[in-house]
Amino acid sequence: MYTGIHFFSPHEVRPKTAVPETLGIRGRQAREFAELGLPIPPGIILDSTLASRVKRETIGKDLAAFLDACAGIMGKKLGDREKPLLLKIVVSPNLVISDYPVLYNFGLVKPALDGFAAPAVLRNVQGMLIVRERIRQLEGKEREREQIAAALKSLGALLRGVRGRCEGGTSAEGAAEDRRAGASPRLPPPELMDMFAGYFPEGYFENAETQIFSALEDVSTLIALDDPGGGDTALMVQALAYGHSGDSCSGEYFSRNILTGEKKLQGKFFWQGFTEVRIDENETDDAPGQSLDRLAADHRDTLEKIAGTLEDTLKEICRIGFVVEEGRVWLVEQRPADRKSVQADIALLLDLVNRGILDTAGAIQTIDPLMLNEILHPVIDPASVADFTRWTGGIAGAPGAVAGKACFSADALLEARKQAIRGGEDPGFILVLPASFAEDVKAIEVSAGVLTAEGGYSAHASVVARQYGKTSLTAPGLKIQGKQAALGDLAFSQGDYITLDVPAYGPASVYLGAGKLIQPDIRKSGLPDFIALARGFIRDFHVRANAETPQDAALALALGADGIGLCRTEHLFFGAERINLFREMLFADSPEDRREALNALKVMQIQDFSRLFRVMAGREVTIRLLDAPLHEFLPHTGGELEDFAAHLERTKKRKVSRAEVLARFEALREFNPMLGRRGCRIAVSYPEIYAMQVQAVFEAAYKLREEGVAVCLEIMVPLVMSAPELKLIAYGKTIEGAAYAGIAEVEEALRAGKKAAPMPYSIGAMIELPAAALGAAGIAKYSRFFSFGTNDLTQTVLGISRDDFAAFMPGYTRFDLIEGDPFSVLDSSVKELIVLAVERGRLTRPGLVCGLCGEQGAHPAAVRFCMDAGINYVSCSPYSVPIALLAAAQAELERAGVEA
């Protein structure tokens, strides 16, 4: 046998050994499938030592012998009128991406045309003309190349005409092009052969062996021209199974359900269909085939065995093409399923792990953590929005998909939702705003999603949306005028249905109309089991959640959170029944009036913290004292001013004018509130606010302890600038004529009043200013833990507003002035400050616990950075907890040198 020729069939491979690299990707796979005993049509591989120098006179005898062997296995004969052996030629390089066409239907010559239609002939001609055109191009023979290109154009018109009739007729445009090309779409196969015979050697359409050897020599010439050095590309010739006569059929299926992952074949078949053409062109996707259940039981069993073997071997969900020909099932094509869900992938991986086919580490490294977003949020059914007007772009704030009626204000949404519920109508509404503020939280919480013109990933609307599991998108081009809005060419009015599609990957879209949603079911998704596997690789690193409500806390635990790393207490004041009470406290004329409002708020806060501690039961809960600037609590619209005035009149029997309310609140406004009176600066100006919160925290903690519920409490002071500042807030200070009661003093006084035993707790600092990072050594004297608030740290390090950067970021991205979105992925300067702060803090306090609770916390790159920097945990939204856990597991495996 000539060196470099390999034979494969379901029964054997020859020679018994081969150098895999010389067979190319497709050749290696064919040989592997043959060794597994899969029912693949037999074939021949000309390895890379031979593929670029194929000549009939040197290898023709050996090739003919193997072609006879293929014919015998298939029960056919090359060039036979009754049962002709047809072949395909596949170029098999070692590159995953290849632009070589697969060439079909060799052996389809005039004596063997019975039962074959025009497309089969045209497909053969088209493939070889493409090969010949590329050869002439590489040889520099431009005139001949142009002639072949003209022939390809004519052939394209013929193919469109044939397909048009198959679909119910030729289109007017296709028929016109046929006429311009001088071709008749109704030519029978022999006449089609005659039309293109001049481009091929004599006898190409008359003799099957002449045809196959001519084609092999042409393809070999192309390989030699493309790869002058040689040695990287092989050639494969394989028999074709065609299910186009008698009781034969062809079809395709997935090795399991590509949406749910259920281990049940999903596909269809076609009686008397020619699958080799159909699968390669993806023409079965929307064709009305028949259910696989209608196949004979033994044929279904064979398909299941094929699917199981392929999944176990390739460790992926497969799309499989098959032919049933005279009672025999043939595997004619397989490729990775490209339109599968992450849930399906997880189901496969868990199945492989449970059966010992795949080790746990391999399974964990297979899934990109960010792709878990698909399981955690709804996705759009593509078919439901195919005909909708669409706008694409924007900045993803919270992934997912949602459909609802547009509302252009929080009040409009709340009222519309109330009326819809009363009327038994769809209660889904999307909040559409220029930007969101504190008073919009109540609407975001009950909305289906949020669309804003201003902001970004870390903006107010995005953060709140992630907290409540809502979809959020920032579209800088959004224009709102009255009750009309426009986004590029997409225009809509208040009350119109719109659909937001915000994937974890790729561009987001807004559609005009109500798309169909596919809702997630985390319990059935396999995600809890998959994350449980991931946890087995995580050593000294934890993932906590940002949560304020018992619902959020319970969800976080269900998704794998180790505790709560950030309870943003200001979010607890944004509810409709509380925000006016908080405003009342700010509006107070005297300390007594302020104290009365605070006492009412304290009762609510005790309930808040009690519920949170009860759900977490012994896990860490980090309570961040009030951080938001006071301007977020002020009325922003005339309606809110009037609402607050009505509140005062109703609760205090005090009638105030709108002008008086506006004047009082205007006195509290600041030019730059994000760097003004917020965080612990509020406590210095209004000590009673933090005192109320601390009392509420410990009242709740002691109450729960009495009930037998363990409480692991951490109190975090936000926006710390210096060590003296934290020392004041934590331990208080007495000066001449004044005293400040710190957290410790408030706790001691409360404990003394209860005559209770001390409760362990920790006081920590939120490091979100460069000064705090640089002064970490001093701050660590009074802090048991650091939590890096990377949203504000990014703003203050880079001098970029998270709510405004979208306006100028496109230019910075275009000219490569910044690497990506710094509010999604940590900037290098921010990371440098974090590392420095950790090092300096631990010089003072070696056991200092460090966490990161910014919105970047769940990003795999941030997780890996935190682990390398010695940070103990990240804290993120509940829906991002599985993402961070998987990222941590993968980082551990990578650090251990375990390859995927």
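Quick caveat, the model's predicted, so the values are computed rather than measured. (Residues numbered from 1 in each chain as written. Predicted model: local features only at pLDDT ≥ 70, side-chain atom pairs only at ≥ 80, totals over all residues. Heavy atoms only, no water.)

**Here we look at the packing of aromatic side chains**
Part 1 of the reasoning: Summed over all chains, the structure comprises 15 aromatic pairs.
Part 2 of the reasoning: With a centroid separation of 6.5 Å and 65° between ring planes, the pair formed by Phe-573 and Phe-633 is classed as edge-to-face. Placement of Phe-573 in the loop between strand E26 (564-568) and helix H19 (576-587) and of Phe-633 in the loop between strand E27 (620-624) and helix H21 (638-652) is noted, with a sequence separation of 60 residues between them.
Part 3 of the reasoning: With 5.5 Å between their ring centres and 75° between their planes, Phe-587 and Phe-644 make a pair best called edge-to-face. (Phe/Tyr/Trp six-rings, centres within 6.5 Å; stacked < 30°, edge-to-face > 60°. Helix = DSSP H or I, 4+ residues; strand = E, 2+ residues; numbered from the N terminus.)

**Comments concerning the sheet that holds strand E7 (residues 249-254)**
Part 1 of the reasoning: Spatially, E9-E8-E7-E10-E11 is the arrangement adopted by the five strands of the open sheet, whose pairing is antiparallel. Edge positions in the sheet fall to strand E9 (290-291) and strand E11 (328-336), since each has one partner strand and no second.
Part 2 of the reasoning: Relative to E9, strand E8 (residues 266-271) is paired through two bridges, and the arrangement is antiparallel. In the strand pairing of E9, Lys-268 is matched with Ser-291. (Pairing = 2+ DSSP bridges.)

**Some details on the side chain of Ser-610**
Part 1 of the reasoning: Mapped onto the elements of the fold, Ser-610 is located in helix H20 (residues 591-616).
Part 2 of the reasoning: The class for Ser-610 is buried, based on a relative accessible area of 6%.
Part 3 of the reasoning: Leaving out residues up to four positions away in the same chain, Ser-610 has contacts with Ala-700, Lys-703 and Leu-704. (Buried < 20%, exposed > 50% of the residue type's maximum accessible area, 1.4 Å probe, protein only. Contact = heavy atoms within 4.5 Å.)

**Some words on the environment of Met-759**
Part 1 of the reasoning: Note on placement: Met-759 falls in the loop between helix H26 (743-754) and strand E31 (761-767).
Part 2 of the reasoning: Here the alpha-carbon distance between Met-759 and Cys-318, two residues 441 residues apart in the chain, equals 57 Å.
Part 3 of the reasoning: Those residues in contact with Met-759 that lie beyond four places of it in its chain are Ala-701, Tyr-702, Arg-705 and Glu-747.

**Notes on the side chain of Gln-211**
Part 1 of the reasoning: Locating Gln-211 in the fold gives a position in helix H7 (residues 208-226).
Part 2 of the reasoning: Given a relative accessible area of 0%, Gln-211 falls into the buried group.
Part 3 of the reasoning: A distance of 2.6 Å separates a polar side-chain atom of Gln-211 from the backbone nitrogen of Gly-107.
Part 4 of the reasoning: The residues touching Gln-211, leaving out its near neighbours within four places in the chain, are Asn-105, Phe-106, Gly-107, Leu-108, Val-109, Asn-124, Tyr-204 and Phe-205. (Polar contact = N/O pair within 3.5 Å; in protein donor to acceptor, adjacent residues only side chain to side chain.)

**Focus: the confidence of the model for the chain**
Part 1 of the reasoning: Here the chain shows a mean pLDDT of 88. Residues at 70 or above account for 94%.
Part 2 of the reasoning: Considering only residues more than four positions removed or in separate chains, one finds that residues 164-185, a stretch of pLDDT under 50, has 23 contacts.
Part 3 of the reasoning: Within the model, the stretch residues 275-286 combines pLDDT values under 50 with 39 contacts to residues more than four positions away or in other chains. (pLDDT = per-residue confidence, 0-100.)

**Here's the deal with the environment of Phe-106**
Part 1 of the reasoning: With respect to the helices and strands, the residue Phe-106 is situated in strand E5 (residues 103-106).
Part 2 of the reasoning: Classification of Phe-106 as buried rests on a relative accessible area of 0%.
Part 3 of the reasoning: Sequence spacing of Phe-106 and Ala-215 is 109 residues, and the spatial spacing of their C-alpha atoms is 8.3 Å.
Part 4 of the reasoning: Contacts of Phe-106, omitting those with residues within four sequence positions, involve Leu-85, Leu-86, Leu-87, Lys-88, Ile-89, Asn-124, Met-128, Tyr-204, Gln-211, Ile-212 and Ala-215.

**Notes on the packing of H20 against helix H24 (residues 687-706)**
The axes of two packed helices give the description: the angle between them and the distance between them.
Part 1 of the reasoning: As a packed pair, H20 and H24 sit with axes 8 Å apart at the nearest point and diverge in direction by 40°. Taken as a pair, H20 and H24 cross one another with a handedness that is right-handed. Of the residues in H24, those touching H20 at Arg-594, Leu-598, Leu-601, Lys-602, Gln-605, Ile-606, Phe-609, Ser-610, Phe-613 and Arg-614 are Glu-688, Ile-689, Met-692, Gln-693, Gln-695, Ala-696, Val-697, Glu-699, Ala-700, Ala-701, Lys-703 and Leu-704.
Part 2 of the reasoning: For the contact of H20 with H24, the class distribution of residues is twelve nonpolar, four polar and six charged. (Axes fitted to C-alpha atoms, helices over the stretch in contact; angles between N-to-C directions. Left-handed = near helix turned anticlockwise from the far one by under 90°. Nonpolar A, V, L, I, M, F, W, Y, C, P; charged D, E, K, R; others polar.)

**Observations concerning unusual backbone geometry**
Part 1 of the reasoning: Across the junction of Arg-14 and Pro-15, the peptide omega takes the value -10°, indicating a cis bond.
Part 2 of the reasoning: Residue placement: Pro-15 occurs in the loop between strand E2 (13-14) and helix H1 (24-35).
Part 3 of the reasoning: Residues other than glycine seldom take positive phi values, yet Lys-315 does so here, at roughly 60°.
Part 4 of the reasoning: Phi is positive for Glu-326, close to 50°, though the residue is something other than glycine.
Part 5 of the reasoning: Turning to its location among the elements, Glu-326 is positioned in the loop between strand E10 (318-325) and E11.
Part 6 of the reasoning: Judged by relative accessible area, Glu-326 falls into the exposed class, the value being 60%.

**Here's the deal with the pattern of salt bridges**
When their charged atoms lie close together, side chains carrying opposite charge are able to pair.
Part 1 of the reasoning: Across all of its chains, the model carries 45 salt bridges by this definition.
Part 2 of the reasoning: Residue Arg-56 pairs with Glu-209 through a salt bridge whose shortest N-O separation is 3.3 Å. With Arg-56 in helix H2 (residues 56-74) and Glu-209 in helix H7, this pair connects stretches of sequence that are 153 residues apart.
Part 3 of the reasoning: The exposure class assigned to Arg-56 is partly exposed, which follows from its relative accessible area of 32%.
Part 4 of the reasoning: For Glu-209, a relative accessible area of 33% gives the class partly exposed.
Part 5 of the reasoning: The partner of Arg-136 in a salt bridge is Glu-139, with the nearest N and O atoms 3.5 Å apart. Here Arg-136 pairs with Glu-139, and both are found in helix H3 (residues 118-139), just three residues apart, close to one helical turn.
Part 6 of the reasoning: Among the charged side chains, a salt-bridge network with shared partners connects Arg-256, Lys-263, Glu-311, Asp-312, Asp-351 and Arg-355. (Salt bridge = Lys/Arg side-chain N within 4 Å of Asp/Glu carboxyl O.)

**A few points about the packing of H24 against H26**
Part 1 of the reasoning: Put simply, H24 and H26 touch, their axes get as near as 10 Å, and they point 45° apart. With respect to H26, the element H24 is oriented oblique. The chirality of how H24 crosses H26 is right-handed. Across the interface between the two elements, Ala-691, Val-694, Gln-695, Phe-698, Glu-699 and Tyr-702 from H24 touch Ile-743, Val-746, Glu-747, Leu-750, Arg-751 and Lys-754 from H26.
Part 2 of the reasoning: Split by residue class, the contact of H24 with H26 holds seven nonpolar, one polar and four charged. (Parallel < 35°, antiparallel > 145°, perpendicular 65-115°, else oblique.)

**A short note on a nonpolar patch on the surface**
Part 1 of the reasoning: Together, Phe-808, Tyr-812, Phe-815 and Leu-817 make up a nonpolar patch on the protein surface, roughly 430 Å² of accessible area in all.
Part 2 of the reasoning: Of the residues examined, Tyr-812 reaches a relative accessible area of 38% and is grouped as partly exposed. (Patch = residues over 30% accessible without salt bridge, like charges linked within 9 Å, V, L, I, M, F, W, Y side chains within 5 Å. Areas by Shrake-Rupley, 256 points an atom, 1.4 Å probe, with all protein chains shown as cover.)

**Some details on the nonpolar core**
Part 1 of the reasoning: If you look at the biggest cluster of nonpolar residues, it comprises 159 residues, and the most contacted ones within it are Phe-613 and Phe-786.
Part 2 of the reasoning: Examining the composition of this core, we find that eleven residues originate from one element, H24, more than from any other.
Part 3 of the reasoning: In contact with Phe-613, other than residues within four places in its own chain, are Val-621, Ile-623, Val-697, Ala-700, Ala-701, Leu-704, Val-709, Val-711 and Leu-713.
Part 4 of the reasoning: Ranked by size, the runner-up nonpolar core spans 64 residues in total, among them Ala-71, Leu-103, Tyr-104 and Ala-241. (Core = buried A, V, L, I, M, F, W, Y, C linked by side-chain atoms within 4.5 Å.)

**With respect to the environment of Glu-326**
Part 1 of the reasoning: For the pair Glu-326 and Asp-247, spaced 79 residues apart in sequence, the C-alpha separation works out to 6.8 Å.
Part 2 of the reasoning: Setting aside residues no more than four positions away along its own chain, Glu-326 makes contact with Lys-83 and Ser-248.
Part 3 of the reasoning: Polar side-chain contacts of Glu-326 include one of 3.3 Å to the side chain of Lys-83.

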